[in-house]
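# Reading the structure
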Amino acid sequence: MPRPAPERLLLDSYPVRRIVPTRFQDLDSMGHINNVAFAALFEDARVRFNWSLGRMNRGDGFRAVVARNEVNYLAEGSYPDDVEIATGVARIGTRSWDVAAVMHQNGRAIATCDTTIVMTHPTEGGIPTDFRARLHEMLLRPAQ
């Protein structure tokens, strides 16, 4: 796995950040947060992020699904320390967008996650204009 671009590891590159507690039940036999728990933590952060955009789960027929989800593990995570997950939009296409996230614990990046979400309904046309505008507001920020 190639190392992520340095700006992908910076919390300040992302428009949304959230602290999430780790759970004892997420540990593997070595006492580290297991890979399934990493994926679940990222999933919860991504779903909350998508809901905050204002279009998901509304009754207007707009639908989207996860087409790809990639978690890259950079370091071990530990219990009971909280993690901080930062999330933003990395790419906006005609009918899809990529959500990028980084997970930090104790001041260091321990994982990244890249998810492609594809609009499935309506079946014609692209991402609605109002939703595209929200996605643009949530684009990753350039490194300072």
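In what follows, the structure referred to is the one given above.
Residues numbered from 1 in each chain as written. Predicted model: local features only at pLDDT ≥ 70, side-chain atom pairs only at ≥ 80, totals over all residues. Heavy atoms only, no water.

### Focus on the sheet that holds strand 3 (residues 83–92)
The test is simple: By the convention used here, strands pair only if DSSP detects at least 2 bridges between them. Strands here mean DSSP runs of E at least two residues long; helices mean DSSP runs of H or I at least four residues long; both are numbered from the N terminus. Note on definitions: angles span 0 to 180 degrees between N-to-C directions of axes, and those axes are lines fitted to C-alpha atoms, for helices only across the stretch in contact. Two residues qualify as a contact provided that any one of their heavy atoms is within 4.5 Å of a heavy atom in the partner residue.
If you walk across this open sheet you meet the five strands as 1-3-4-5-2, and the pairing is antiparallel. Edge positions in the open sheet fall to strand 1 (16–20) and strand 2 (63–73), since each of these has one partner strand only. For this sheet the average axis-to-axis angle between neighbouring strands, irrespective of direction, equals 25°. Helix 1 (residues 35–52) rests against strand 1, strand 2, strand 3, strand 4 (96–105) and strand 5 (108–121) of the sheet, and its axis sits at about 125° to strand 4. Lying over the sheet, helix 2 (residues 129–137) contacts strand 3 and strand 4, oriented at roughly 125° with respect to strand 3.

### A look at the environment of Leu41
When you line up the elements, Leu41 lands in helix 1. Taking the C-alpha atoms as reference, Leu41 lies 30 Å from Gly126; in sequence the two are 85 residues apart.

### A look at the pattern of salt bridges
What counts, and what does not: Within this document, salt bridges are pairs made up of a side-chain nitrogen of Lys or Arg and a carboxyl oxygen of Asp or Glu, the two lying within 4 Å of each other. Burial status follows relative accessibility: with a 1.4 Å probe on protein chains alone, a residue under 20% of its type maximum counts as buried, one over 50% as exposed, and anything between as partly exposed.
Counted by the stated rule, this structure contains nine salt bridges. Between Asp12 and Arg17 there is a salt bridge whose closest N-O contact spans 2.9 Å. Under the relative-accessibility criterion, Arg17 is labelled partly exposed at 38%. Notably, a salt bridge pairs Arg23 with Asp26, separated by 2.8 Å at the nearest N-O pair.

### Some details on the nonpolar core
To be explicit about the condition: The set of buried Ala, Val, Leu, Ile, Met, Phe, Trp, Tyr and Cys residues whose side-chain atoms join them within 4.5 Å is what this entry labels a nonpolar core.
Counting 16 residues, the largest nonpolar core has Phe38, Leu41, Phe42, Val83, Ile85, Met103 and Ile110 as its most contacted members. Put simply, the parts of the chain that give this core at least two residues each are helix 1, strand 3, strand 4 and strand 5. When residues in this core are grouped by element, the largest group, five residues, is from helix 1. Among the nonpolar cores identified, the runner-up in size contains 13 residues, and Leu53, Val99, Phe131 and Met138 belong to it.

### Brief notes about empty space enclosed by the protein
The test is simple: A pocket here means an open set of points on a 1 Å grid, computed over the protein atoms alone, that has protein on both sides within 12 Å along at least five of seven lines. A cavity is instead a set of points where a 1.4 Å probe fits but cannot get out; residues with an atom within 4 Å of a point line either one. Grid points are joined across faces, edges and corners, and a volume is the space filled by probe spheres set on the points. Amino acids are sorted into nonpolar (Ala, Val, Leu, Ile, Met, Phe, Trp, Tyr, Cys and Pro), charged (Asp, Glu, Lys and Arg) and polar (every other residue, Gly among them).
Within this structure, the stated rule accounts for one cavity of 30 Å³ or more. Looking at the largest cavity, its volume works out to about 50 Å³. For the lining of the largest cavity, the elements supplying multiple residues, two or more each, are helix 1, strand 4 and strand 5. Residues of the lining of the largest cavity, tallied by class, amount to six nonpolar, two polar and one charged.

### Quick word on the packing of aromatic side chains
Note the threshold: Each pair of aromatic rings taken from Phe, Tyr and Trp, with Trp reduced to its six-membered ring, is defined by centres within 6.5 Å and is described as stacked if the planes are under 30 degrees apart, edge-to-face if over 60, and tilted in the remaining cases.
All told, the structure shown has five aromatic pairs when counted by the stated rule. Look at Phe24 and Tyr79: their rings are 5.8 Å apart centre to centre, the planes differ by 70°, and that puts the pair in the edge-to-face class. Here the residue Phe24 occupies a position in the loop between strand 1 and helix 1, and Tyr79 occupies one in the loop between strand 2 and strand 3, the gap between them amounting to 55 residues. The class for Phe24 is exposed, based on a relative accessible area of 58%. Accessibility expressed as a relative area gives 37% for Tyr79, which makes it partly exposed. Measuring from ring centre to ring centre gives 5.0 Å for Trp97 and Phe131, while their planes differ by 70°; the resulting arrangement is edge-to-face. Placement of the pair is Trp97 in strand 4 and Phe131 in helix 2, with a sequence separation of 34 residues. Considered together, Trp97 and Phe131 belong to a single accessibility category, that of buried residues.

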